[in-house]
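The residues making up each chain are set out below.
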Amino acid sequence: MTTKLLSHPRRAAMSALAAVAAGGTAVAILIFSGTGASAAEAPVDLGTAASFSVLAGARVTNTGPTFLAQNLGVSPGSAATGFPPGLVGGETHLADAVALQAQNDLTTAYNDAAGRTPFTILPAELGGSTLVPGVYRIGAAQLTGALTLNSQADPGAVFIFQIDSTLVTASGSSVVFINGSSPCNVYWQVGSSATIGTGSQFVGNILAQESVTMTTGATLQGRAMARTGAVTLDTNTINAPVCLQPTGTPTQPTGTPTGTPTGTPTGTPTGTPTGTPTGQPTGTPTGQPTGNPTGQPTATPTRTRLPVTGGSGGSALVPVLTGIGGVAVASGAALLLLYRRRTTNS
């Protein structure tokens with residue numbers, strides 16, 4: 001009986017320890033997984049490495065008519081074979097200052113991507129999965145079939161894959177976008193080497209510590225970059241990733257101002273116009289009246305002709321007129337005397 005009684009406290013203590021251990025494990029999972037992970041992850045800054053389709057540490061080898069849309073670079077190595085038949089749409093930088101700076105920027109970007117937290121742990125096989133933006137950690141990643149990336153209508157959504165060792169895709173595998181994801185914001189930080197299988201359609205920026213191999217006919221919308229080893233190509237197409245922009249147009253403010261300006265302007269204009277007009281009118285009138293009066297008086301003076309009393313042709317009438325005048329005077333005087341007598345007698 002005593003033994004049984006003692007066993008109960010021991011069982012209770014063991015149960016308590018188990019509960020504490022389980023709670024610690026749950027806390028650790030929450031700390032190191034991305035269940036409550038970042039909602040707005042910032043893009044990884046590639047610096048000058050963003051202008052390269054292929055950047056290798058040791059060398060680049062190519063077979064077939066590969067096309068690189070951007071630059072090709074090698075540093076500290078200096079070998080790039082197979083161009084032509086390969087075609088480089090940008091510039092080729094072999095062991096020069098441009099390639100060295102790009103490698104330095106690649107190292108910075110690699111370390112940034114590898115250090116992002118919090119993250120969500122994923123199983124090795126990515127095929128058949130649909131993922132939302134965030135940071136994901138995988139031990140050794142493989143892709144068979146299609147991996148779907150859902151940006152949730154955010155064209156700036158960021159996907160970062162932290163892969164401890166290798167990344168291998170099976171032939172014909174693909175990465176598919178839905179809801180406006182942007183290929184330029186997908187980053188594959190690979191701890192050793194990446195191999196993109198025959199005919200695969202891969203997307204994103206591959207930042208490998210050692211090497212990148214693209215087998216026959218594989219395509220990449222992004223960049224293949226290796227820090228220390230080689231990049232091997234075989235009839236591949238590597239296009240620059242397209243960075244999508246937000247859709248829609250800005251909305252204009254609605255409504256009208258509801259207040260009136262207060263206050264009045266202060267101060268008055270200072271200063272008066274200085275100087276006087278200079279110069280006088282130049283030139284003189286340049287014309288004379290043209291034409292002459294075009295009419296003449298239309299009448300001539302009229303005179304009343306009076307009887308001529310003297311002068312040539314009238315001297316013969318003077319004695320006649322003088323005699324007649326004398327008779328008239330004498331007759332008048334006789335009549336006047338006769339009139340006075342009659343008046344006196346009556």
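Residues numbered from 1 in each chain as written. Predicted model: local features only at pLDDT ≥ 70, side-chain atom pairs only at ≥ 80, totals over all residues. Heavy atoms only, no water.

**Things to note about the environment of T198**
Mapped onto the secondary structure, T198 falls in the loop between β17 (193-196) and β18 (201-208). Beyond its immediate sequence surroundings of up to four residues, T198 is in contact with S171, G172, T215 and T216. (Helix = DSSP H or I, 4+ residues; strand = E, 2+ residues; numbered from the N terminus. Contact = heavy atoms within 4.5 Å.)

**Concerning the state of the cysteines**
Counting across every chain of the model gives one disulfide. Two residues, C184 and C243, share a disulfide whose sulfurs are 2.1 Å apart. Pair noted here: C184 is in the loop between β15 (174-178) and β16 (186-190) and C243 is in the loop between β22 (237-239) and α3 (318-345), with a separation of 59 residues, a long-range link. (Disulfide = S-S within 2.5 Å.)

**Overview of the packing of aromatic side chains**
Summed over all chains, the structure comprises three aromatic pairs. On the numbers, 5.7 Å between centres and 25° between planes, the contact of Y136 with F161 is stacked. With Y136 in strand β10 (residues 134-138) and F161 in strand β13 (residues 159-163), this residue pair connects regions lying 25 residues apart in the sequence. Both residues of the pair, Y136 and F161, belong to the buried class. The rings of Y136, F161, W188 and F202 are connected pair by pair, giving a single aromatic cluster. Note that R137 overlies the ring of F119, its terminal NZ or CZ placed 4.2 Å from the centroid. (Phe/Tyr/Trp six-rings, centres within 6.5 Å; stacked < 30°, edge-to-face > 60°. Buried < 20%, exposed > 50% of the residue type's maximum accessible area, 1.4 Å probe, protein only. Lys NZ or Arg CZ within 6 Å of the ring centre and 35° of its normal.)

**Re the nonpolar core**
Grouped together as the largest cluster of nonpolar side chains are 40 residues, with contacts concentrated most on F161, W188, F202 and V231. In terms of residue count, β18 provides more of this core than any other element does, four residues in total. Non-local contacts of W188, meaning those with residues more than four positions away in its chain, are made with L126, L147, F161, I163, L167, V175, F202, V203, G204, N205, I206 and L207. By size, the runner-up hydrophobic cluster in this structure holds 17 residues, among which are V44, Y110, Y187 and L207. (Core = buried A, V, L, I, M, F, W, Y, C linked by side-chain atoms within 4.5 Å.)

**Examining the sheet that holds strand β2 (residues 59-63)**
The strands making up a sheet associate through backbone hydrogen bonding, with each pair oriented either parallel or antiparallel. Reading across the sheet, the seven strands line up as β5-β2-β21-β19-β17-β14-β11 and stay open at both edges, with parallel pairing between neighbours. Bordering the open sheet on either side are β5 (79-81) and β11 (141-143), each of which pairs with just one other strand. This sheet shows a mean twist of 5° between the axes of neighbouring strands, independent of strand direction. (Pairing = 2+ DSSP bridges. Axes fitted to C-alpha atoms, helices over the stretch in contact; angles between N-to-C directions.)

**So, helix α2 (residues 97-114)**
Compared with an ideal rise of 1.5 Å per residue, which puts 18 residues at 26 Å, α2 spans 26 Å between its outermost C-alpha atoms and is within 8% of the ideal. Those residues of α2 not exposed but buried are A99, A102, Q103, D105, L106, A109, Y110 and A113. Where α2 begins, the capping side chain belongs to D96, and its oxygen is found 3.3 Å from the backbone nitrogen of V98. (Expected span 1.5 Å × (residues − 1). Polar contact = N/O pair within 3.5 Å; in protein donor to acceptor, adjacent residues only side chain to side chain.)

**Some remarks on unusual backbone geometry**
For the bond running from P84 to P85, omega is 10°, close enough to zero to count as cis. By the secondary structure assignment, P85 is in the loop between β5 and β6 (87-88). In this structure, P118 follows T117 across a cis peptide bond, with omega equal to -5°. Its place among the elements puts P118 in the loop between α2 and β8 (120-121). Non-glycine residue Q152 carries a positive phi angle of around 55°. Tracing the backbone shows Q152 in the loop between β12 (146-150) and β13. Residue Q152 is classed as exposed on the basis of its relative accessible area, which comes to 52%. Not every positive phi belongs to a glycine, and A153 is a case in point at roughly 70°. Summarising the element assignment, A153 is placed in the loop between β12 and β13.

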